[in-house]
Number of protein chains: 2
Amino acid sequence: MKVLVIGGCGFIGSHVVDKCLQQGLSVRVMDTRPELYRPPLPGVDYVFHSLSDHHRLADTLSGVDAVVHLASTTVPSTSNLDPAADISGNLVPTVRLLEAMRASGTRKLVFFSSGGTVYGIPTKDPVPEDHPLNPISSYGIVKLAIEQYLRMEQQLHGLEFVALRPANIYGPRQAQVGLLGVIGTYLRKVAEDAPIEIWGDGSVVRDFVHVEDIADLCHRALISGASGSFNAGSGEGTSISQIVDIIGQTTGRTLEPVYKPGRNFDVPRVVLDIARAQATFGWQPAVPLRRGIGETWEWVKQHSEP
Amino acid sequence: MKVLVIGGCGFIGSHVVDKCLQQGLSVRVMDTRPELYRPPLPGVDYVFHSLSDHHRLADTLSGVDAVVHLASTTVPSTSNLDPAADISGNLVPTVRLLEAMRASGTRKLVFFSSGGTVYGIPTKDPVPEDHPLNPISSYGIVKLAIEQYLRMEQQLHGLEFVALRPANIYGPRQAQVGLLGVIGTYLRKVAEDAPIEIWGDGSVVRDFVHVEDIADLCHRALISGASGSFNAGSGEGTSISQIVDIIGQTTGRTLEPVYKPGRNFDVPRVVLDIARAQATFGWQPAVPLRRGIGETWEWVKQHSEP
């Protein structure tokens, strides 16, 4: 099986590529630039262009059996600054990708949606996939619209798709400068002896899941015949204050967070119900949070300027 | 109250304008061209530009208290031919409209969504607003994404909005050439002594509602303080074959329909549950189908080339 990983040089994408190679799949990566932290991997076929450059998609899809789509031009916290750009940069290129996949006969797609934004403010805890969908960020609205185009493509043209709705993913190779991912951001700050900032009072609860668990789930989704939307988290809630405590213990530093005003797009608590992914793919998150943070700290130390 | 009616020269828009004038509101119309069937109305302030021409929106919104947005560049049956154009032509300009309304302080919007496409294939009969949203046309996906941007604008910036999800609207001034609206299309064919075509076997059931009832509901939504999504139909189902029978009786002609293959985006039955709009706005559809078709036939005869 040959897999095209769109966004395969990014944080999550690079782990998906590792997992696919490990499992004996043939991998092509499409991205706008090489990996930040590693040289090109032997055996991977790299193609460098933007998803918006849809005229090149036919070539890039040639010989490909399945696609993993991780590309995004926005993050939740900035998407509301220019929703029109979010739509033009993410929704439009993805529907063009679906057209190109139909033309090339590529009938399998794993898409990275968003467990943290598509539900809006949760009314259930943990949040199952059939929770009402009331996003309060353009990021979440665009992810949902893409899921609906996937479902339509399935119903009208036989696409097999899995939309993964990940919680807060963390682990080695997460981008240094961080709007995404407090764990990586905080560890980097600690390595730089810089203060860590908390938006709000630290009571915000999220579901942190290790990137290797997500890569494992993505691979299982790729080789399965299942279609639909699936939460992808640890199923367990951890507050920002707890994260700060664990980081203090892991790094052996005394942390004195700077508290800043809460942000209107931060919902108070999101923990995902992952029973559907567990039952469908026989998947189980395997990396405990403390161990995952410890490994991430080792990686951050190796990749910090002294 | 000054109302801007975007798409106010179209079929539904022209009736909304009539209703608003009748109720003493001040009306500005924005459209790309004048009404097809009537001269400009006295007292109405016309502005001719596309919604995509967002640089002109600040001027067009000047002095406006509320907006009715009826513009669309696509119809359900053609939207899947080019979803990217559907998104760029409808979703992007509407989020730019929301930004312009925020800048101008216009905090009331009635948006025409779609009762026939947002639900996909109904699993309930009649279909309530909280039915699952699984559209199988780009038209429906874009309408839903717009509804979600409206809800977000309400939550983050205090917009009052009503998203109307109309059933199949019919009545005088419906466009002659018809992808939309079988009643208008069939009456026109009868006036031209041309055969009428049925896609499928005539068993497809829709909820037909008179345009004056919709204009009445739109006006009630404008002056109310309610926000949310509301079905807008008659609440009753009529098959295409029954429509053909009524048209035969109304026009006194013997009709011999030409049957053509069904279309994959036509869901078999859509009848809307209108209890929410009835309870919220004190609204009641008032034009019975036979009378409505009779009046529409009179209009079609007056506007046909002999």
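Residues numbered from 1 in each chain as written. Chains lettered and ligands numbered in written order. Predicted model: local features only at pLDDT ≥ 70, side-chain atom pairs only at ≥ 80, totals over all residues. Heavy atoms only, no water.

1. Quick word on the relation of the copies chain A and chain B
Superposition record for chain A on chain B: RMSD 0.0 Å, screw rotation 180°, translation along axis 0.0 Å. Here the transformation between the copies is reduced to the relation of a two-fold axis. No C-alpha of chain A lies nearer the rotation axis than that of A:Ala145, which sits 3.1 Å from it. Of the residues that chain A buries at the interface, 100% are likewise interface residues in chain B, meaning the two copies contact each other through the same surface. (Least-squares fit on C-alpha atoms with pLDDT ≥ 70 in both. Contact = heavy atoms within 4.5 Å.)

2. A word on the confidence of the model for chain A
Residue-level pLDDT values for chain A average 94, and 97% of them are 70 or greater. This prediction of the complex comes with two scores: 0.94 for pTM and 0.92 for ipTM. (pLDDT = per-residue confidence, 0-100.)

3. Overview of the interface of chain A and chain B
Listed as interface residues are 28 residues of chain A and, on the opposing side, 28 residues of chain B. For the chain A face of the interface with chain B, the top three residues by lost area are A:Ile141, A:Gln148 and A:Tyr149, together amounting to 24%. One can count zero salt bridges joining chain A with chain B. The interface formed by chain A and chain B includes four residue pairs in polar contact (both at pLDDT 80 or more). The set of elements that each furnish at least two residues to the side of chain A that touches chain B consists of α4 (83–104) and α5 (138–157) of chain A. (Buried area = accessible area lost by both parts, 1.4 Å probe. Salt bridge = Lys/Arg side-chain N within 4 Å of Asp/Glu carboxyl O. Polar contact = N/O pair within 3.5 Å; in protein donor to acceptor, adjacent residues only side chain to side chain. Helix = DSSP H or I, 4+ residues; strand = E, 2+ residues; numbered from the N terminus.)

4. Thoughts on the packing of aromatic side chains
Residue and element names in this part refer to chain A. A full pass over the atoms with the stated rule returns six aromatic pairs over all chains. Ring geometry for Tyr 37 against Trp 299: centres 4.7 Å apart, planes inclined by 90°, an arrangement best described as edge-to-face. Residue Tyr 37 is found in the loop between β2 (26–31) and β3 (45–48), and its partner Trp 299 is found in helix α10 (residues 289–302); the two are separated by 262 residues along the sequence. The same class applies to Tyr 37 as to Trp 299, namely buried. Above the face of the Trp 199 ring, Lys 260 is positioned so that its terminal group lies 5.1 Å from the ring centre. (Phe/Tyr/Trp six-rings, centres within 6.5 Å; stacked < 30°, edge-to-face > 60°. Buried < 20%, exposed > 50% of the residue type's maximum accessible area, 1.4 Å probe, protein only. Lys NZ or Arg CZ within 6 Å of the ring centre and 35° of its normal.)

5. Quick look at helix α8 (residues 240–251) of chain A
Count 3.6 residues to each turn of an α-helix, and residues three or four apart come out pointing the same way. Residues and elements named next belong to chain A. The end-to-end C-alpha distance of α8, which contains 12 residues, comes to 16 Å, matching closely the 16 Å that a straight helix rising 1.5 Å per residue would cover. Regarding α8, the residues found buried are Ile 240, Ile 243, Val 244, Ile 246, Ile 247, Gly 248 and Thr 251. The secondary structure elements touched by the buried residues of α8 are α6 (182–191), β8 (197–199), β10 (208–210), β12 (238–239) and α10. Downstream of α8 by one or two residues, Gly 252 has phi in the positive range, about 70°. (Expected span 1.5 Å × (residues − 1).)

6. Concerning the sheet that holds strand β11 (residues 228–232) of chain B
All names here are of chain B. Pairing is parallel across the open sheet formed by seven strands, whose spatial order is β3-β2-β1-β4-β5-β6-β11. Both outer strands of the open sheet, β3 (45–48) and β11, are each paired with one neighbouring strand and no more. Geometrically, the sheet is characterised by an average inter-axis angle of 20° between neighbouring strands, direction not taken into account. In terms of strand pairing, strand β1 (residues 2–6) meets strand β4 (residues 66–69) through four bridges, oriented parallel. (Pairing = 2+ DSSP bridges. Axes fitted to C-alpha atoms, helices over the stretch in contact; angles between N-to-C directions.)

7. Focus on empty space enclosed by the protein
Residue and element names in this part refer to chain A. Throughout the structure, instances matching the rule amount to five cavities of 30 Å³ or more. Its volume calculated, the largest cavity comes out at about 60 Å³. Lining the largest cavity, in full, are Ala 71, Ser 72, Thr 74, Asp 86, Asn 90, Phe 111, Tyr 139, Val 142, Lys 143 and Ile 146. Only α4 and α5 provide two or more residues apiece to the lining of the largest cavity. Ranked by the residues each element gives to the lining of the largest cavity, the list is headed by α5, at four residues. Of the residues contributing to the lining of the largest cavity, the split by class is five nonpolar, three polar and two charged. (1 Å grid on protein atoms, 1.4 Å probe; cavity = no way out; pocket = protein on both sides within 12 Å on 5 of 7 lines; lining within 4 Å. Points joined across faces, edges and corners; volume = space filled by probe spheres on them. Nonpolar A, V, L, I, M, F, W, Y, C, P; charged D, E, K, R; others polar.)

8. Side note on the sheet that holds β3(A)
Residue and element names in this part refer to chain A. The parallel open sheet is built from seven strands, whose spatial order is β3-β2-β1-β4-β5-β6-β11. In this open sheet, the two strands that pair with only one neighbour each are β3 and β11 (228–232). In this sheet, adjacent strand axes meet at a mean angle of 20° when their direction is disregarded. Two strands pair when backbone bridges link them, and strand β1 (residues 2–6) and β2 are joined in this way by five bridges, in the parallel orientation. Bridge assignment links Leu 4 to a residue of β2, and that residue is Arg 28. Its contacts with the sheet place helix α1 (residues 11–22) against β1, β2, β4 (66–69) and β5 (108–112), and it is angled at close to 165° to β2.

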